Amino acid sequence: MKKIAIIFTGGTISMTVDERLKAAIPAMDGTKIMSMVTNIDQIATLETVDFGKYPGPHMNPQRMMKLKALVKEKLAQPSIDGVVITHGTDNLEETAFLLDLTLPAGKPVVVVGAMRNGSELGYDGPSNLSAAICTAIHPESYGRGVLVVLNDEVNSAREVTKTHTMALDTFKSLDFGPIGIVDQQDVIFYRKGLYPSLFLETDGIEPDVHLLKAVSGMDSRLIDYLVTTGAKGIVIEAMGRGNVPPGMMPGIKKAIKNNIPIVIVSRCPKGRVLGTYGYEGGGADLEKAGAILVNTLNGQKARIQLMLVLALVSEIQQIKTYFM
Ligand code: ASP
C-alpha cells in the first residue's frame, strides 16, 4: 500500500461552530478529521501532520513558504509516495500555485478543502479528503504538478480558481474544465495541464507585492501611494485584453522608473492579455511603458509568481523573462 502524508493547515474542513461565537472557527486536528474518513485505511497508509489551524485568510506568504519546506521534506522521504494538504478554500489556489511553482514535479501533491464545516449538514470534508488521497496514490498523478481536488474533480493548481462563495463545485478550471475526475476509488484523467510548469527554486519570497483592480476613471493615487511607501511590485487587474484608464499611466510610469515591476493581468475571468490596443493606457501603450503583460494568470496567482520571482531577481528586464 502507498504511504501518503496528510498535512493539516486549517480552513473550513477543520472548522465547527463555536457555541459562544455562534460562528465557525478551526477546531479539529488531523486525527479528528481523519476519524470521519471511513475505510481510508484500506486504500493507503497515512501519516498525519498538524501544520496549524489557520483559516485561509490567515495563511500569508511566509506561512506558505514554511508549508512548502515541510512538503519538500516529506516528499524527500523514500517511504512517502505523495502529500495531501488540507487548506481553507478562500485562498487555496494561491498556496497550491505557490507549491506548484516551488516544488519540482514528481511525487503527487494534492491540495484539498471543504465548503461546509463539521457542524453543517452535508459536511464535505471526508469525501473530499478520500478523493484527494485516491488522487495522491494514483500512478498517473505523478509528475503533473500540484493538483487541487474537491467535489470529485481534479484540477491543476495553475488553472483552477474559486468561483462561488458556497457551492460544492466552486473550484473551476475556467478555460477547459477539470483535468480529471475521481470516480469511486478510481481517478480518470482526461487531459494534461494546459501549461508546462515553471520551477522557481527559492526558499525566499518578497511579501511587499500588491494587487490593484483597474476601474473606470481610476487615477494614479493608489499606485503613487505604493511607490512612496516602498512596494517591491504591483500587479494590476486591467480591463479586458489588458488596458487601463489613462489616469493610471503617470503612476505606472513612475513605478517603472523606480524599478518597481508592473505586471498586467485581466480582470476578465477568461482569456489572454495582449498588447492589442495602442491608445493611452491600452495594452501596447503599457508594454511601451515597460509593463509586463501576463497572458493567462489571474491577479492573485500573478502576485504569487511575482513575489517568488522577486526573491530571485530584481531588474524588470530579468523579471519579465519569468512571465513569458
Ligand atoms: N473562509 C474559509 C477559509 O478559507 C473557507 C473555507 O475553508 O472554505 O478558511
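The paragraphs below set out a description of the structure included in this document.

In this section: the packing of aromatic side chains. The description of an aromatic ring pair rests on the distance of the ring centres and on the angle between the ring planes. Under the defined criterion, the tally for this structure stands at two aromatic pairs. Judged by centre distance (6.1 Å) and plane angle (65 degrees), the rings of Phe51 and Tyr54 are edge-to-face. Relative to Tyr279, the ring of Tyr277 has its centre 5.7 Å away and its plane inclined at 40 degrees; by these criteria the two rings are tilted. Its end group placed over the ring of Phe189, Arg144 keeps NZ or CZ at 3.7 Å from the ring centre. Directly above the aromatic system of Phe97 lies the positively charged group of Lys301, at a separation of 5.9 Å from the ring centroid.

Moving on, we come to the sheet that holds strand E13 (residues 209-213). If you walk across this open sheet you meet the four strands as E13-E14-E15-E16, and the pairing is parallel. Pairing within the sheet leaves two strands with one partner each, and these edge strands are E13 and strand E16 (292-293). Helix H5 (residues 221-228) contacts E13 and strand E14 (233-238) of the sheet and is inclined by roughly 175 degrees relative to E13. Across the face of the sheet, helix H8 (residues 299-309) comes into contact with E13, E14 and strand E15 (262-266) while running at roughly 160 degrees to E14.

Take the pattern of salt bridges next. In this structure the tally under the stated criterion is ten salt bridges. Close ionic contact of Asp203 with Lys68 constitutes a salt bridge, the shortest N to O distance being 2.8 Å. Of the two residues, Asp203 is situated in the loop between strand E12 (186-189) and E13 and Lys68 in helix H2 (residues 61-76); the sequence distance between them amounts to 135 residues. Given a relative accessible area of 2%, Lys68 falls into the buried group. Salt bridges linked by common partners bring Lys3, Glu47 and Lys74 together as one network.

Let us now look at the site of the ligand. In the vicinity of the ligand, the contacting residues are Gly11, Thr12, Met15, Pro55, Gly56, Pro57, Gly88, Thr89, Asp90 and Ala114. The contact in question runs from an oxygen atom of the ligand to an N or O atom on the backbone of Thr12, over 2.8 Å. Between a nitrogen atom of the ligand and a side-chain N or O atom of Asp90, the distance comes to 2.8 Å. In the complex, the protein chains occlude 85% of the 260 Å² of accessible area that the ligand would expose alone. Among the residues making up the shell around the ligand, the classes are represented as four nonpolar, five polar and one charged.

Moving on to the nonpolar core. Grouped together as the largest cluster of nonpolar side chains are 74 residues, with contacts concentrated most on Val71, Ile236 and Ile252. Formed by 30 residues, the second largest nonpolar core is a distinct cluster that contains Ile6, Ile40, Tyr123 and Ile179.

Reading guide: rules and limits
Residues numbered from 1 in each chain as written. Predicted model: local features only at pLDDT ≥ 70, side-chain atom pairs only at ≥ 80, totals over all residues. Heavy atoms only, no water. Phe/Tyr/Trp six-rings, centres within 6.5 Å; stacked < 30°, edge-to-face > 60°. Lys NZ or Arg CZ within 6 Å of the ring centre and 35° of its normal. Pairing = 2+ DSSP bridges. Helix = DSSP H or I, 4+ residues; strand = E, 2+ residues; numbered from the N terminus. Contact = heavy atoms within 4.5 Å. Axes fitted to C-alpha atoms, helices over the stretch in contact; angles between N-to-C directions. Salt bridge = Lys/Arg side-chain N within 4 Å of Asp/Glu carboxyl O. Buried < 20%, exposed > 50% of the residue type's maximum accessible area, 1.4 Å probe, protein only. Near = heavy atom within 4 Å. Polar contact = N/O pair within 3.5 Å; in protein donor to acceptor, adjacent residues only side chain to side chain. Areas by Shrake-Rupley, 256 points an atom, 1.4 Å probe, with all protein chains shown as cover. Nonpolar A, V, L, I, M, F, W, Y, C, P; charged D, E, K, R; others polar. Core = buried A, V, L, I, M, F, W, Y, C linked by side-chain atoms within 4.5 Å.

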